[in-house]
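# Structural overview
What follows is each chain in one-letter form.
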Amino acid sequence: MNAVVTALSLPISLCKSSNTSTRKDLKRALRVVAVFGEEGQLVPRKHAWGPLFDIEDPRSKAPQSRWKFLDVNQAMEVARYDIQYLDWRARQDVLTIMLLHEKVVEVLNPLAREYKSIGTLKKDLAELQDELAQAHRQAHISEARVSTALDKLAYMEALFNDRLLQDRNTTDMSEAPPSPSTSTQSLTAVKGKPTRKNWEVSGPVQPYNPQLKNFWYPVAFSTDLKDDTMIPIEVFEEPWVIFRGEDGKPGCVRNTCAHRACPLHLGSVNEGRIQCPYHGWEYRTDGKCEKMPSTRLLDVRIKALPCFEQEGMIWIWPGDEPPAAVIPSLLPPPGFQIHAEVVVEIPVEHGLLLDNLLDLAHAPFTHTSTFAKGWSVPSLVKFLTPKSGLQGSWDPYPIDMEFRPPCMVISTIGISKPGKLEGRNTKQCSTHLHQLHICLPSSRKKTRLLYRMSLDFAPFLKHVPFMQLVWRHFAEKVLNEDLRLVVGQQERMINGANVWNLPVPYDKLGVRYRLWRNAVEQGSKQLPFNKSV
């Protein structure tokens, strides 16, 4: 049988827990817990569920196969070890939750605790509550990773069975000696052509590479998702809808009813279930249909994505790979307060919009009616950045900027009053504007833009009536100045023009974004600019 060549990227080789020794210490302490007897003496007792966590970390026994080409049997063996590791990791997450619950009981037990003031007890309980929330979220992520790994194993087994059938039907052909041209082509395919830097970005926008989906994407602000509302979104040209379940946690399911393909967002949310407006079928946040009026209940499910809420944002994982264990933080720096959150649909492919946001040299020419009004045109604009970083500062503007994979642009602007810059860098400025732009790829001609603005001055503005509308008007005015240019770029790009024809020094951050994206789409083992030096 011919070997099936495949390359896996598995948590065993990528996820190394730094808390292993701590978890082992906790596990040993878990087996015997002290309780009080009738005379106030400590009596040891064992937990019945203790053996559930006496499982050895499987990483030491996993086959060393990182970045190797495997045949189908080796690949399935690695996938099985992958599932064993994810199971072990999930048990550790559950163990953490159970230990924290016991810690809460210990704090509340008047016989077992030391004397503490009410204020100290409240502080301890608040800290434990935060730890429990984090542990519960980590457990849900682990559950999603296990589910994805099981789906991958099932796919590999189906692929293996199909390959057996194919080999059985082509036995005669497989015994024929390969021709020299076939051997040469195979050798070329195995070695692969050396990659070269390609600055050609022209022609119709190509379908999105699946590798670009394997990231956490913020898709909505928490304040926009009420208990009885839903938010329809399009991500990588697929329709989804977000709503809150009965427990208040968000979920993301395919925006298509399993019955007659009716858009679910045209319906309503009832008791934490989204109801199709066509025949009343109701779906939970995990995609399971829980109600089918006027017919016998069938086992029906629509696709659901891993979905979590963190720091005022709703995040989803649209890729096929197991979700990353950590969702990045997008909160503004300490001392800033969030003043505005705006969502706008932009009729431009998200890569072109990111190119625009990562370029500040155009500001004194494009934004002459908004924030750059009155700016002088410097003789030289430079972007100062670490050698291998995706962040840096603009010279001579007091602006720091960062591209945060996969689709975020973060900037901090030193400003004294609207339309006036102060100093040559942000450290020389007394007041600052912090901006977060999230360019969610909706389709090849549309971007869902999430914009968050924060200030480290004028906190009273948060309490001014209708101020949110003022900020939205200003944000849309700035975007419209860019939009007429970027839409024109897109039209010419589709007709064959190269939008990255002559990069110059101040294009550095945009060029690095393109290099990073190309590496992701090509499945590179090591992504560029992942560390600052």
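Residues numbered from 1 in each chain as written. Predicted model: local features only at pLDDT ≥ 70, side-chain atom pairs only at ≥ 80, totals over all residues. Heavy atoms only, no water.

Another aspect to go through is the overall build of the protein chain. When helices and strands are tallied, the protein chain shows 10 helices and 21 strands. Residues counted as buried form 43% of the 533 residues belonging to the protein chain. Look at the contacts in the protein chain between residues 6 or more apart in sequence, and 64% of them connect residues 24 or more apart. As displayed, the protein chain has an accessible area near 29,500 Å², and 55% of this comes from carbon and sulfur atoms. (Helix = DSSP H or I, 4+ residues; strand = E, 2+ residues; numbered from the N terminus. Buried < 20%, exposed > 50% of the residue type's maximum accessible area, 1.4 Å probe, protein only. Contact = heavy atoms within 4.5 Å. Areas by Shrake-Rupley, 256 points an atom, 1.4 Å probe, with all protein chains shown as cover.)

A few words now on the sheet that holds strand β12 (residues 307–310). Within the open sheet, the 3 strands sit side by side as β3-β13-β12. Their pairing is antiparallel. Of all strands in the sheet, those with a lone pairing partner are β3 (217–221) and β12, marking the two edges. The average angle at which neighbouring strand axes cross in this sheet is 30°, direction not considered. Note that β3 and strand β13 (residues 313–316) share 4 bridges and pair antiparallel. Across the sheet, residue Tyr 217 finds its bridge partner in β13, namely Ile 316. (Pairing = 2+ DSSP bridges. Axes fitted to C-alpha atoms, helices over the stretch in contact; angles between N-to-C directions.)

In summary, soluble globular proteins display a tendency toward joint burial of nonpolar side chains. In terms of nonpolar packing, the biggest core is built from 85 residues, with Tyr 217, Val 219, Ile 233, Ile 316, Leu 330, Trp 394 and Ile 438 touching the most fellow members. Considering each element in turn, this core owes the most residues, 6 residues, to helix α9 (residues 467–494). Of all hydrophobic cores here, the second largest spans 16 residues; its members include Phe 243, Cys 262, Cys 276 and Cys 289. (Core = buried A, V, L, I, M, F, W, Y, C linked by side-chain atoms within 4.5 Å.)

Note on placement: Thr 368 falls in the loop between α8 (363–366) and β15 (382–384). C-alpha separation for the pair Thr 368 and Val 478, spaced 110 residues apart in sequence, amounts to 9.6 Å. Ignoring sequence-local partners within four residues, the contact set of Thr 368 consists of Ala 363, Lys 373 and Glu 481.

Let us now look at α9. Given a rise of 1.5 Å per residue, 28 residues ought to cover 40 Å, and the 39 Å separating the end C-alpha atoms of α9 matches this to within 8%. Leu 483 marks the point of greatest bend in α9, at about 30°. Taken together, the buried positions of α9 are Met 467, Trp 471, Ala 475, Val 478, Leu 479, Glu 481, Asp 482, Val 486, Gly 488, Gln 490 and Met 493. Contacts made by the buried residues of α9 are with β14 (337–346), α7 (350–357), α8 and β21 (446–455). In the stretch just after α9, Gly 496 is the one whose phi turns positive, near 115°. (Expected span 1.5 Å × (residues − 1). Bend = angle between axes of the 7 residues up to and from the residue.)

So, on to the state of the cysteines. The tally for this structure, following the rule as stated, stands at 0 disulfides. For the unlinked cysteine Cys 257, the closest cysteine sulfur is that of Cys 276, found at 3.8 Å. (Disulfide = S-S within 2.5 Å.)

So, about the environment of Pro 528. Along the chain, the position of Pro 528 falls in the segment after α10 (508–521). Taking C-alpha positions, Pro 528 is 8.6 Å from Gly 389, a pair spaced 139 residues apart along the chain. Sequence-distant contacts of Pro 528, defined by excluding residues within four places in its chain, comprise Leu 515, Trp 516 and Ala 519.

Our focus in this paragraph is the packing of α7 against α10. At a closest axis distance of 9 Å, the pairing of α7 and α10 adopts a crossing angle of 150°. When the axis of α7 is compared with that of α10, the two are roughly antiparallel. You can see that α7 and α10 cross each other, and the crossing is right-handed. Within the contact between the two elements, α7 uses His 350, Gly 351, Leu 352, Leu 354 and Asp 355 and α10 uses Gly 510, Tyr 513, Arg 514 and Arg 517. Among the residues making up the contact of α7 with α10, the classes are represented as 3 nonpolar, 3 polar and 3 charged. (Parallel < 35°, antiparallel > 145°, perpendicular 65-115°, else oblique. Left-handed = near helix turned anticlockwise from the far one by under 90°. Nonpolar A, V, L, I, M, F, W, Y, C, P; charged D, E, K, R; others polar.)

The strand order across the open sheet formed by 4 strands is β7-β8-β9-β10, and the pairing between neighbours is antiparallel. Either end of the sheet is taken by a strand with one partner, and the two such strands are β7 (268–270) and β10 (289–291). Bridge analysis of strand β8 (residues 273–275) against strand β9 (residues 282–283) gives 2 bridges, and the strand direction is antiparallel. Of the residues in β9, the one forming a bridge with Ile 274 is Tyr 283.

Averaged over all residues, the pLDDT of the protein chain equals 79, while 74% of them reach at least 70. Per-residue pLDDT stays below 50 along residues 1–45; that stretch engages in 85 contacts with residues further than four places along the chain or on separate chains. Confidence drops under pLDDT 50 across residues 168–198; counting only partners more than four residues distant or on other chains, this segment forms 4 contacts. (pLDDT = per-residue confidence, 0-100.)

In this section: the pairing of β12. Pairing geometry for β12 and β13, over 4 bridges, is antiparallel. Following the sheet pairing, Glu 309 is matched in β13 by Ile 314. Hairpin connection from β12 to β13: 2 residues lie between these consecutive antiparallel strands, with Glu 311 at a positive phi of about 50°.

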